[in-house]
Amino acid sequence: MTMSISITLDDDLGEDLVAAVAGGNRSALVAQAIREHLDRRAVDAAAAWHASLTGEEAAAFAEFNLAR
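Here goes a summary of the coordinates provided. From a predicted model like this one, the values you see are computed outputs, not experimental measurements. (Residues numbered from 1 in each chain as written. Predicted model: local features only at pLDDT ≥ 70, side-chain atom pairs only at ≥ 80, totals over all residues. Heavy atoms only, no water.)

## Details of the overall build of the chain
Then, number 1: Helix and strand counts for the chain stand at three helices and zero strands.
Then, number 2: Helices and strands appear in the chain in the N-to-C order α-α-α.
Then, number 3: In terms of overall dimensions, the chain has a C-alpha envelope of 55 × 30 × 20 Å along the principal axes.
Then, number 4: For the chain, the residues scored as buried account for 6% of the 68 residues in total.
Then, number 5: As presented, the chain carries roughly 6,100 Å² of accessible surface, and 56% of it is formed by carbon and sulfur atoms.
Then, number 6: Separation of charge centres in the chain, based on 5 positive and 11 negative side chains, amounts to 7 Å. (Helix = DSSP H or I, 4+ residues; strand = E, 2+ residues; numbered from the N terminus. Buried < 20%, exposed > 50% of the residue type's maximum accessible area, 1.4 Å probe, protein only. Areas by Shrake-Rupley, 256 points an atom, 1.4 Å probe, with all protein chains shown as cover. Lys, Arg positive; Asp, Glu negative; His and termini not counted. Charge placed at Lys NZ, Arg CZ, Asp CG, Glu CD.)

Written as structure tokens, this is what we have:
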């Protein structure tokens, strides 16, 4: 599925984007940045979930990690 979005950049951010792509594909760079952001959010959410485990769940998770 392809999605189209419209983003208005301030002058500074626009200049940074132009410099970052150095004549390349701006859309691809923005798409990659979004993917990386979503990946970081997923990792952060997983870490928070792991930190919230207690009791038997925490013990099972620790055992699982030792088996790796």
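Back to the text.
## Section: helix α3 (residues 55-67)
Then, number 1: Under the 1.5 Å per step criterion, the end-to-end length of α3 is 19 Å for 13 residues, consistent within 8% with the ideal 18 Å.
Then, number 2: Burial runs low along α3: only zero of the 13 residues are buried. (Expected span 1.5 Å × (residues − 1).)

## Things to note about a nonpolar patch on the surface
Then, number 1: Taken together, the side chains of Met 1, Met 3, Ile 5, Ile 7, Leu 9, Leu 13, Ile 34 and Leu 38 make up a nonpolar region of the molecular surface, amounting to roughly 890 Å² of accessible area.
Then, number 2: Mapped onto the elements, Leu 9 comes out in the segment before α1 (11-21).
Then, number 3: Assessed through its relative accessible area of 36%, Leu 9 is described here as partly exposed. (Patch = residues over 30% accessible without salt bridge, like charges linked within 9 Å, V, L, I, M, F, W, Y side chains within 5 Å. Salt bridge = Lys/Arg side-chain N within 4 Å of Asp/Glu carboxyl O.)

## Some thoughts on unusual backbone geometry
Then, number 1: In this model, Ala 22 sits at a positive phi of 45°, which is unusual for a non-glycine residue.
Then, number 2: Here Ala 22 lies in the loop between α1 and α2 (26-52).

## Quick notes on the packing of α1 against α2
Then, number 1: Running from amino to carboxyl end, α1 crosses α2 at an angle of 105°, the nearest separation of the two axes being 9 Å. Between α1 and α2, the interaxial angle falls into the category roughly perpendicular. Taking contact as the criterion, the partners of Leu 17, Ala 20 and Val 21 in α1 are, on α2, Arg 26, Leu 29 and Val 30.
Then, number 2: Taken together, the residues of the contact of α1 with α2 sort by class into five nonpolar, no polar and one charged. (Axes fitted to C-alpha atoms, helices over the stretch in contact; angles between N-to-C directions. Parallel < 35°, antiparallel > 145°, perpendicular 65-115°, else oblique. Contact = heavy atoms within 4.5 Å. Nonpolar A, V, L, I, M, F, W, Y, C, P; charged D, E, K, R; others polar.)

## What to know about α2
Residues spaced three or four apart along an α-helix point in a common direction, a consequence of the helix completing one turn every 3.6 residues.
Then, number 1: Across its 27 residues, α2 extends 39 Å between first and last C-alpha, which sits within 8% of the 39 Å expected from 1.5 Å per residue.
Then, number 2: The N-terminus of α2 is capped by Asn 25, whose side-chain oxygen sits 2.9 Å from the backbone nitrogen of Ser 27. (Polar contact = N/O pair within 3.5 Å; in protein donor to acceptor, adjacent residues only side chain to side chain.)

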